[in-house]
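# Notes for the structure review
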Amino acid sequence: MSMDDEAGDARRRRRLSWPMSPVNSVLVAVCAVGSLLCLVFGQTIAGVALLLGAIGGGLGAILARRGGSGDLERVNALEYADERDRAAAVKGLAAVGVIALVVSAAQLMLHAIVDTDPVSRWASIVTFLALVICWFLANWYYVRRG
């Protein structure tokens with residue numbers, strides 16, 4: 001083994017490898033910060049739900065990077081290994097998008113039926129419109145792109 005190989009190995013050992021992808025790091029951080037904010041403002045159920053999301057998402061992402069992880073583990077954790085994983089994820093996320101649009105529309109109808117507070121109603125309207133606009137823009141982009 002040459003000196004260059006030994007130096008490269010030493011650098012690789014010293015360099016800390018982050019245990020999850022940047023996307024998962026952001027998702028876990030957002031859930032953790034959101035959990036902390038909810039708990040500070042007295043919203044215990046929402047805080048615990050977000051904390052469980054942060055813990056579950058982080059553990060899932062870390063475990064998905066193991067050598068023996070399966071396709072489903074990697075796709076669920078957004079830790080894609082190859083094009084097959086990415087293709088499965090695209091289909092899964094497309095289904096989630098459809099469900100999100102349907103649930104958001106149902107939530108908007110519920111706000112129309114039950115007289116709710118204006119902040120909740122406007123949050124629902126903005127969420128629904130954001131999903132619809134995102135859907136149209138994504139379709140436009142991918143149809144043009146080919």
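## What about the overall build of the protein?
For the protein, the helix and strand inventory stands at six helices and zero strands. Going from N to C terminus, the protein has its helices and strands arranged as α-α-α-α-α-α. Looking at the protein as a whole, 17% of its 146 residues qualify as buried. For the protein, the accessible surface area stands at approximately 11,000 Å², while carbon and sulfur atoms represent 71% of it.

## Some details on the side chain of Ser 104
Relative to the helices and strands, Ser 104 resides in helix 5 (residues 83-113). In this structure Ser 104 comes out as buried when scored by relative accessible area, which is 4%. Discounting chain neighbours no more than four positions away, the residues touching Ser 104 are Ser 124, Thr 127, Phe 128 and Leu 131.

## Notes on unusual backbone geometry
A positive phi angle is found at Leu 78, which is not glycine, with a value near 60°. Within the secondary structure layout, Leu 78 lies in the loop between helix 4 (71-76) and helix 5. Judged by relative accessible area, Leu 78 falls into the partly exposed class, the value being 27%.

## Digging into helix 5
With 31 residues, helix 5 should cover 45 Å at 1.5 Å per step; its first-to-last C-alpha distance of 45 Å lies within 8% of that length. Inspection of helix 5 places Asp 85, Ala 89, Leu 101, Ser 104 and His 111 among the buried residues, and these make up the whole buried set. Elements that come into contact with the buried residues of helix 5 comprise helix 4 and helix 6 (118-145). With a side-chain oxygen lying 3.2 Å from the backbone nitrogen of Arg 84, the N-terminal cap of helix 5 falls on Asp 82.

## Looking at the packing of helix 2 (residues 22-40) against helix 3 (residues 44-64)
Two elements in contact, helix 2 and helix 3, have axes separated by 8 Å at closest approach and are oriented at 160°. Judged by the inter-axis angle, helix 2 sits roughly antiparallel to helix 3. Viewed along their axes, helix 2 and helix 3 form a crossing whose handedness is left-handed. Residues Asn 24, Val 28, Cys 31, Ala 32, Gly 34, Ser 35, Cys 38 and Leu 39 of helix 2 lie in contact with helix 3, whose contacting residues are Thr 44, Ala 46, Gly 47, Val 48, Leu 50, Leu 51, Gly 53, Ala 54, Gly 57, Gly 58 and Ala 61. Split by residue class, the contact of helix 2 with helix 3 holds 11 nonpolar, eight polar and no charged.

## Let's talk about the confidence of the model for the protein
Of the residues in the protein, 89% reach a pLDDT of 70 or more, and the chain-wide mean stands at 88. Element-level pLDDT for the protein is lowest in helix 1 (residues 3-14), with a mean of 54, against a maximum mean of 96 in helix 2.

## Quick look at a nonpolar patch on the surface
On the surface, Val 33, Leu 36, Leu 37, Val 40 and Phe 41 cluster together into a nonpolar patch covering about 550 Å² of accessible area. Within the secondary structure, Val 40 sits in helix 2. The exposed category is assigned to Val 40, whose relative accessible area is 62%.

## Some remarks on the environment of Leu 37
In this structure, Leu 37 sits in helix 2. Of the residues examined, Leu 37 reaches a relative accessible area of 45% and is grouped as partly exposed.

Rules behind the numbers
- Residues numbered from 1 in each chain as written.
- Predicted model: local features only at pLDDT ≥ 70, side-chain atom pairs only at ≥ 80, totals over all residues.
- Heavy atoms only, no water.
- Helix = DSSP H or I, 4+ residues; strand = E, 2+ residues; numbered from the N terminus.
- Buried < 20%, exposed > 50% of the residue type's maximum accessible area, 1.4 Å probe, protein only.
- Areas by Shrake-Rupley, 256 points an atom, 1.4 Å probe, with all protein chains shown as cover.
- Contact = heavy atoms within 4.5 Å.
- Expected span 1.5 Å × (residues − 1).
- Polar contact = N/O pair within 3.5 Å; in protein donor to acceptor, adjacent residues only side chain to side chain.
- Axes fitted to C-alpha atoms, helices over the stretch in contact; angles between N-to-C directions.
- Parallel < 35°, antiparallel > 145°, perpendicular 65-115°, else oblique.
- Left-handed = near helix turned anticlockwise from the far one by under 90°.
- Nonpolar A, V, L, I, M, F, W, Y, C, P; charged D, E, K, R; others polar.
- pLDDT = per-residue confidence, 0-100.
- Patch = residues over 30% accessible without salt bridge, like charges linked within 9 Å, V, L, I, M, F, W, Y side chains within 5 Å.
- Salt bridge = Lys/Arg side-chain N within 4 Å of Asp/Glu carboxyl O.

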